[in-house]
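Observations on the model geometry
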Amino acid sequence: MASAGSQSSVGGTASNSIDVDGPETQGGTVNAKYPLWAHASKLSIDGTGRGGNTRFKCHFCDKDFPGSYSRVRAHLLKIGNAGVNPCNKMPHDVFVQLQKDDQAAKDLIENGPTRRTIPLPPSDGTSSGPSRKRRAGKQQGIAESFNLETKQQADALIARMMYTGGIPFNLARNPYYRESYRFIASNDMGGYVPPGYNALRTTLLDKEKKHTARMLEPIKTTWPLKGVTICTDGWSDPQRRPILNFMAVTEGGPMFLKSIATEGEIKSTEYIFEKLKEVIEEVGVENVVQVITDNAANCRSAGLMVEANYNNIYWTPCIVHTLNLAVKDICDPKNFAGDNEVLWFIRETADDASFIKNYIMNHSMRLSMFNIHSKLKFLQIAETRFASVLIMLKRFIDIKGSLVQMVVHETWANYKEVSRDRANRVKDLILSDVWWDKLEYIVSFMLPIYSMIRVADTDKPCLHLIYEMWDDMIEKVKIPIYRHEGKGPNEDCALYIVIKKILLSRWTKSNTPLHCLAHSCNPRYYTQSWIGAVRGRVAPNDDKEILDMRNKCLRKFFPDNEDYKTVKKEFADFSLMSNDFMDADSIEDREDFEPKQWWGTHGGGTKLLKKIALKLLGQPASSSCCERNWSTYAFIHSSARNKLTPARAADLVYTHNNHRLISRHSREYESGPSHMWDVGGDGVENFTGVGMLEGADLSLDEPELEAQMLDDLS
C-alpha cells in the first residue's frame, strides 16, 4: 500500500503534501489500524479552524477536505452525517475491498493488546512520572473526544428513529428501553441487526408472552394465601368487534389473564357464566374469593350462578359503578315530577356549566382569551366517566377567578361576532353570585360521594372498608346541606331526604354478605376509639344486619357443620376479646396495626377465621382495573392499528399490562430515570400547567398520582 504522503495509483499527486509520522503512519508505512490512509493524502495544516488541524485529499475524487482519519473513513466508506461528503468516484470492487480492510482494522484493534494489558515497569524511582502522566492524559483526552463524537451520532440516530416513527418521548423513561441499549453496549455484538417486522409480531411476541407468564409465577404462588378477585368487563375494538376481558386482582395489583373475542355471540347470562367458569377453573377454585362485574342484568345473573355453583365464591357488584349510578340519579333527574323536583336545580346548574364550557371551547377567540387568564384548562370528560358532572363542576370552582377576569376584560366586549346573545348569557352566568353559590353548594354535598369513588376506584384492598365508608358518606352529605339550609339536627330537609333515599336504595342493591364479613374481620372496628367517634355507631358483632349476613357468609364458606361451629367460636373470641385475644398487646394493637398485620401477629390461635380474614382483607371492591385495561387496549389497538387481529392484540395487551405489574414491584419504579414510567406520558412529565382533561383522567385512572398531581396543580 502507498504511504500517506505518496501518490496513489488511483488518484493524483497531492499538492503541499506532508509526510509526518503519527498513529496513522509509522516510518512512512501505513499503520494496519488505519488502512484507509493508503487512499488519501495529508495536506498542509488547515488554518480555518474547522475539522481539526489537518486536511486530506482523496485519491479517487481528487477533492480535499478538513479533518483527520474519522472523516477519511466516513468519506471513503460513504458514512452519512459525518460532516463530509461521500466519495462518488470510487469503483464498486474497490469499495468492497475497503470495507473488508476497515473491518480487519476493527478486529485488530479489538483483539490486539490494549493499554490496560501492558504491564507497568517496576517502580525503581527512575521513571519520569509527571511526564508519563501528561502524555497519558493527553491521549485519554483525544480518545474521549472521539468517543463523544460516536455517542452524539448514536443519540442522533435514536432520536431520528423516535421522531420519524411518531414514538412518544415517554418511551425514554421505559426501563426496558434503557435495558436493551445497556445490553447491546456492554456486549460484543458486531454486525448485530435488530429484529424485523415479522419477527416482532410473531415469534418474538410469542416468546415474550411465555417469558411474561414465567415472571408472573411468583405472584401466582401467593394466591392460596392471599386470595384472588376475578374482574371482567366488555369493550369494542376500533372495528367494533366486542371483547370480554378477565383480570385477577390481589393486593399486589391487577394481572391480565386473557380476553375473548365475542363477535357473533349473544352475551346471555349462560354465556357469561361459562366464560367466568373457565377462568375460575384456570385460576383455581380454592383461590378465588369473589367475582366483580358491573350491575348489568346479565352480569348480575351470571354472578349469582357463580355463587350457586361454588361454595367459596361470591359475586360482588362494582362499588364504583354503583356510586356512579347514584351520582347520575342525583345530578341528572329524568323529569321534574315527584322527588326530582328538589334535585332539578342541580341539573340546571350542570347544564349552565356545560353551556359555558362548550361556548368557550368551540370559539377559538374566546378560548384564546380564556387561556390568557388561566393556567388551567377546561374539562372535557365523556359522560361514561365516573362522576363526570361533579369533576366538571369542581374544575369550574378552580377557574372561577380566571373566568371572571376574562369576561370583564375589554377584549371580551370588543370582540364582535354574529350573535351576541350567547356571549351575553355566558357573561351573565359567570358574573352571577347566585349561580356560583349554587355551584359551590352542589360540590360541597356531593364531595363525600366523589371521595368514596376515589378510594374505591383503585386496585388497593378496600372491601373491608366499604360498609363503614358508605355509612360515613351519607352522614357527611348531610352536614353541608343542613348548614346551607339552616336546619337543626332533628329537623327534616327535603333535599337530604331524597339524596339519602337514593344512596340507601343503591346500597341495598349492592350490599352483600361478603361486605359484612370483611367489615367484621377488621379488628379496629371493635375498639372504643372507633365506636365512640360517631354517635350511634356500634361494633360489627352488635349490628343485627351485619350479624345475619356474616353468619350467612360463614355458612357458605364452611359447609361442614363442625367447621362452621369452630369458626363461629373463633369469631366470638375475636369480637369479644377473649381467650387467645385477651392479652394487652392484642387489644392495644387493634388501633395501631393494619388489619392484615394484626391478624398475622395475633391470629395464630384461630386457624379457620384467620385464613378467611387474610383473604378478605386483601380484596378490592371495584372492577376499575378492567376499565383501565381498556385504556391499554385503546393505546395498543388504536384506529391507526386497526388491522391487528383480536388474538394478536390480546397478546400485546397481556405482555404490556403484566410487565407494568411486574415493573411496579421494582425499586427502580419508585425513583430514578424510570420513576412511574408507565404513567402520564408526554403531556404530564411535569404537572405544572397540565391540562384539566389530562389531570382528571389520571386522577381517576392512576390513583397513585393523586397527591403529586394535586400538589402541582395547587
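Now for a quick tour of the structure.

1. Brief notes about the packing of aromatic side chains
Inspection of the entire model under this criterion finds 24 aromatic pairs. Their ring planes at 65° and their centres at 5.2 Å tell us that Tyr177 and Tyr181 sit as a pair that is edge-to-face. Of this pair, Tyr177 and Tyr181 both sit in helix α4 (residues 175-186), 4 residues apart, which is roughly one turn of the helix. Using a relative accessible area of 18% as the deciding quantity, one classes Tyr177 as buried. Given the relative accessible area of 33%, Tyr181 is considered partly exposed. Where Tyr441 meets Phe445, the ring centres are 5.0 Å apart and the plane angle is 75°; that geometry is what we call edge-to-face. With a gap of 4 residues between them, Tyr441 and Phe445 both fall in helix α18 (residues 433-456), about one helical turn apart. Each member of the pair, Tyr441 as well as Phe445, is classed as buried. Through successive ring pairs, a cluster of aromatic residues spans Tyr526, Phe571, Phe574, Phe581, Trp598 and Trp599.

2. What about the sheet that holds strand β5 (residues 64-66)?
The strands that make up a sheet are held in pairs by hydrogen bonds between backbone atoms, and each pair lies either parallel or antiparallel. Pairing in this open sheet of 3 strands is antiparallel, and the strands run β3-β4-β5 from one edge to the other. Either end of the sheet is taken by a strand with one partner, and the two such strands are β3 (40-42) and β5. Averaged over all pairs of adjacent strands, the angle between their axes in this sheet comes to 30°, without regard to strand direction. In terms of strand pairing, β3 meets strand β4 (residues 55-58) through 3 bridges, oriented antiparallel. When the bridges of β4 are listed, Ala40 appears paired with Cys58.

3. Section: unusual backbone geometry
One non-glycine residue, Asp62, adopts positive backbone phi at about 65°. For Asp62, the location among the structural elements is in the loop between β4 and β5. Asp62 gets classed as partly exposed once you look at its relative accessible area, which sits at 42%. In this model, Met577 sits at a positive phi of 55°, which is unusual for a non-glycine residue. Mapped onto the elements, Met577 comes out in the loop between α24 (561-576) and α25 (584-592).

4. Points about the packing of helix α11 (residues 319-331) against helix α12 (residues 340-361)
Orientation of α11 relative to α12, taken along the N-to-C sense of each, is 95°, at an axis distance of 7 Å. Classed by the angle they form, the pair α11 and α12 counts as roughly perpendicular. On α12, the residues touching Asp329, Ile330 and Cys331 of α11 are Leu343, Ile346 and Arg347.

5. Brief notes about the pattern of salt bridges
According to the stated counting rule, one finds 19 salt bridges in the structure shown. One salt bridge in this structure joins Glu278 and Lys275, with 4.0 Å as the shortest N-O distance. Here Lys275 and Glu278 lie together in helix α9 (residues 269-283), a separation of 3 residues that amounts to about one turn. Under the relative-accessibility criterion, Glu278 is labelled partly exposed at 35%. Here Arg347 ties to Asp351 by a salt bridge, and the two come within 4.0 Å at their closest N and O atoms. Placement of both Arg347 and Asp351 in helix α12 is noted, with a separation of 4 residues, approximately one turn of the helix. Look at the salt bridges and you will find they share partners, linking Lys258, Lys275, Glu278 and Glu282 into a network.

6. Regarding the nonpolar core
Note on soluble globular proteins: their nonpolar side chains tend to be buried together. Grouped together as the largest cluster of nonpolar side chains are 106 residues, with contacts concentrated most on Phe396, Leu403, Phe445 and Ile481. The element that contributes the greatest number of residues to this core is α18, accounting for 13 residues. In this structure Leu403 touches Ile360, Phe370, Phe378, Phe396, Ile430 and Trp436, once residues within four positions along its chain are discounted. With 29 residues, the next largest nonpolar core counts Val289, Trp530, Tyr564 and Leu617 among its residues.

7. A few points about the sheet that holds strand β10 (residues 314-317)
Strands sit in the order β8-β7-β6-β9-β10 across an open sheet of 5 strands; the sheet is mixed. Unpaired on one side and paired on the other, β8 (253-261) and β10 mark the two borders of the sheet. Pairs of neighbouring strands in the sheet enclose a mean axial angle of 25°, with direction left out of account. Pairing of strand β6 (residues 228-236) with strand β9 (residues 288-293), which is carried by 4 bridges, proceeds in the parallel orientation. Each bridged residue has a counterpart across the sheet, and for Thr229 the counterpart in β9 is Gln290.

8. What to know about a positive patch on the surface
On the surface, a cluster of positive charge is contributed by Arg555, Lys565, Lys568 and Lys569. Among the elements that make up the positive patch, the one with the highest residue count is α24 (3 residues). By relative accessible area, which is 48% here, Lys565 ends up partly exposed.

9. With respect to the packing of helix α6 (residues 203-215) against helix α29 (residues 646-663)
Axis separation between α6 and α29 bottoms out at 10 Å; the angle between their running directions is 40°. Of the two possible hands of crossing, α6 and α29 adopt the one that is left-handed. Taking contact as the criterion, the partners of Leu205, Asp206, Glu208, Lys209, Thr212, Ala213 and Met215 in α6 are, on α29, Arg648, Asp651, Leu652, Tyr654, Thr655, Asn658, His659 and Ile662. Grouping the constituent residues of the contact of α6 with α29 by class yields 6 nonpolar, 4 polar and 5 charged.

10. Details of the pairing of β9
Across the 6 residues of β9, 6 count as buried, placing the element largely inside the fold. Pairing of β9 with β10, which is carried by 4 bridges, proceeds in the parallel orientation. Opposite Gln290, over in β10, you have Tyr314 as the bridge partner. The parallel pair β9 and β10 is bridged by helix α10 (residues 297-309), and the resulting crossover is right-handed.

11. Things to note about the side chain of Ser586
Relative to the helices and strands, Ser586 is located in helix α25. Not counting residues within four places of it along the chain, the set of residues in contact with Ser586 comprises Phe581, Trp598 and His602.

Conventions and cut-offs
- Residues numbered from 1 in each chain as written.
- Predicted model: local features only at pLDDT ≥ 70, side-chain atom pairs only at ≥ 80, totals over all residues.
- Heavy atoms only, no water.
- Phe/Tyr/Trp six-rings, centres within 6.5 Å; stacked < 30°, edge-to-face > 60°.
- Helix = DSSP H or I, 4+ residues; strand = E, 2+ residues; numbered from the N terminus.
- Buried < 20%, exposed > 50% of the residue type's maximum accessible area, 1.4 Å probe, protein only.
- Pairing = 2+ DSSP bridges.
- Axes fitted to C-alpha atoms, helices over the stretch in contact; angles between N-to-C directions.
- Parallel < 35°, antiparallel > 145°, perpendicular 65-115°, else oblique.
- Contact = heavy atoms within 4.5 Å.
- Salt bridge = Lys/Arg side-chain N within 4 Å of Asp/Glu carboxyl O.
- Core = buried A, V, L, I, M, F, W, Y, C linked by side-chain atoms within 4.5 Å.
- Patch = residues over 30% accessible without salt bridge, like charges linked within 9 Å, V, L, I, M, F, W, Y side chains within 5 Å.
- Areas by Shrake-Rupley, 256 points an atom, 1.4 Å probe, with all protein chains shown as cover.
- Lys, Arg positive; Asp, Glu negative; His and termini not counted.
- Charge placed at Lys NZ, Arg CZ, Asp CG, Glu CD.
- Left-handed = near helix turned anticlockwise from the far one by under 90°.
- Nonpolar A, V, L, I, M, F, W, Y, C, P; charged D, E, K, R; others polar.
- Right-handed = clockwise from strand over helix to strand, strands pointing away.

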